[in-house]
Amino acid sequence: MTCDRQAPASGVSTAPCLYVVVPCYNEEEVLPEASRRLSDKLDSLLDRALISEDSRILFVNDGSRDRTWSMIRALHDDPSSMGAAPARPWFTGICFAHNEGHQNALYAGLMEALDRGCDCSVSLDADLQDDVDAIDEMLAKHAGGAEIVYGVRSNRDTDTAFKRGTAGMFYDLMAWLGVEMVSNCADYRLMGRRSLKALAQYTEVNLFLRGIVPALGFTTDVVYYARAERFAGESKYPLKKMVLFALEGITSFSIKPIRWVTMLGLVSLVVSLAMMIYTLVQALAGRVVAGWSSLMISIWFVGGLVMVSLGVVGEYVGRIYLECKGRPRYIVVETTESDGVDGD
Ligand code: UDP
Ligand code: MG
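Since the structure is predicted, the reported quantities are computational estimates derived from the model, not experimental observations.

(A) Spatial organisation of the sheet that holds strand 5 (residues 148–153). Spatial strand order, 7-5-6-4-1-2-3-8: 8 strands in an open sheet with mixed pairing. In this open sheet, the two strands that pair with only one neighbour each are strand 7 (220–225) and strand 8 (332–335). The average angle at which neighbouring strand axes cross in this sheet is 20 degrees, direction not considered. Strand contacts of helix 2 (residues 68–77): strand 1 (18–24), strand 2 (56–61), strand 3 (91–96) and strand 8, with the helix running at about 150 degrees to strand 3, the strand carrying the most contacts.

This is the structure in structure tokens:
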């Protein structure tokens, strides 16, 4: 199914075809409420002629192990079976064979929306933390000329102190590394067709959309909203995934850590030269006492330094390996419109 846009009569602007892209991983607990709120939102936008009838809510099932996909199918086939009564058949979905991660699910949804001919997309999380009412303002700013509109949290009150602290440190680190990012913006944003086309040209496997989108360089604007608590279920970003995500962000945008390793190597070379001179002087002066402590400390310190440095280099080498294999980021096995194993 594609957006069936007709050429506007001269001077008449038509309402845009909007695709709301929602990545879902084991979200059976929030889907009924999320789909209700989103379809209510699209109903109201359509009533006010702010979107076209062929707009859609596109769920991306990221290899969920619960009933997420069957619920998405039900929303598409018969929304009333899920307790929804939308004015239009808003719901559609694609399904991955395997869990590929939030960023890949998001990217797949955006590219699917582009393929289906959308004029603009809004991406948001399934857990209703992102306030759907901000979409109105996003559309208004897009109509006013902003190609990308970021949804920025007005506060982080709903986050744990740990998440607030680590997020702040991460934004500072990224800024220091020279990576352009929009602070306090998760992946809630509107992107117009032009920026989606530009995004389609980014073929890297090491995907960090929060860095890539600002790097696209279109006119942007922001909309502030209060981020709510997760509606139900638990976070799909445990600490391990959060750390990996941060690492992805750093390594996909900056080679500075590798330079630091080189600098560290140089510094330790200078220190070891000084140590050599010192040791020789001590030996010539006949003051060679058993320096067990200093020896042990330096062995451990230099050993640790070498291991950390190797680790940093390894992170980059590993990513180069993944990039040059050029594997697909995800495989879509099914869509709500077809049962074909390859999604045709
Ligand atoms: N998500 C996903 N794949 C994953 C992990 C998460 O598609 O491997 C989705 C998830 O269903 C949600 C969004 O990404 O819609 C953000 O996840 P979550 O709300 O759990 O993250 P948090 O808000 O806790 O950082
Ligand atoms: Mg969340």
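From this point, the discussion proceeds with the structure in view.
(B) Here's a closer look at the side chain of Arg210. Residue position: Arg210 is located in helix 7 (residues 209–216). With a relative accessible area of 18%, Arg210 lands in the buried category. Within the structure, the side chain of Arg210 is placed 3.0 Å from the side chain of Asp187, a separation counted as a polar contact. Arg210 has contacts with His102, Gln103, Glu180, Met181, Cys185, Ala186, Asp187, Arg189 and Phe245, leaving out every residue within four places of it along the chain.

(C) Quick look at the side chain of Arg227. Secondary-structure assignment places Arg227 in the loop between strand 7 and helix 8 (239–253). A residue is classified by how much of its surface remains accessible, and Arg227, at 8% relative accessible area, is buried. In terms of polar contacts, Arg227 uses its side chain to reach the side chain of Gln129, at 3.1 Å. Within polar-contact distance, the side chain of Arg227 engages the side chain of Asp130 at 2.5 Å. Not counting chain neighbours up to four residues away, the residues in contact with Arg227 comprise Asp125, Gln129, Asp130, Arg153, Thr158 and Ala186.

(D) Local environment of helix 8. Taking 1.5 Å of rise per residue, the 15 residues of helix 8 would be expected to cover 21 Å, and the 21 Å separating its terminal C-alpha atoms lies within 8% of that figure. The set of residues buried in helix 8 consists of Met242, Phe245, Gly249, Ile250, Thr251 and Ser252.

(E) Main features of unusual backbone geometry. One non-glycine residue, Ala49, lies in positive phi territory at about 55 degrees. Checked against the element boundaries, Ala49 lands in the loop between helix 1 (31–47) and strand 2. The phi angle at Leu128 is positive, at roughly 65 degrees, despite the residue not being glycine. For Leu128, a relative accessible area of 8% puts it in the buried group.

Analysis parameters
- Residues numbered from 1 in each chain as written.
- Chains lettered and ligands numbered in written order.
- Predicted model: local features only at pLDDT ≥ 70, side-chain atom pairs only at ≥ 80, totals over all residues.
- Heavy atoms only, no water.
- Pairing = 2+ DSSP bridges.
- Helix = DSSP H or I, 4+ residues; strand = E, 2+ residues; numbered from the N terminus.
- Axes fitted to C-alpha atoms, helices over the stretch in contact; angles between N-to-C directions.
- Contact = heavy atoms within 4.5 Å.
- Buried < 20%, exposed > 50% of the residue type's maximum accessible area, 1.4 Å probe, protein only.
- Polar contact = N/O pair within 3.5 Å; in protein donor to acceptor, adjacent residues only side chain to side chain.
- Expected span 1.5 Å × (residues − 1).

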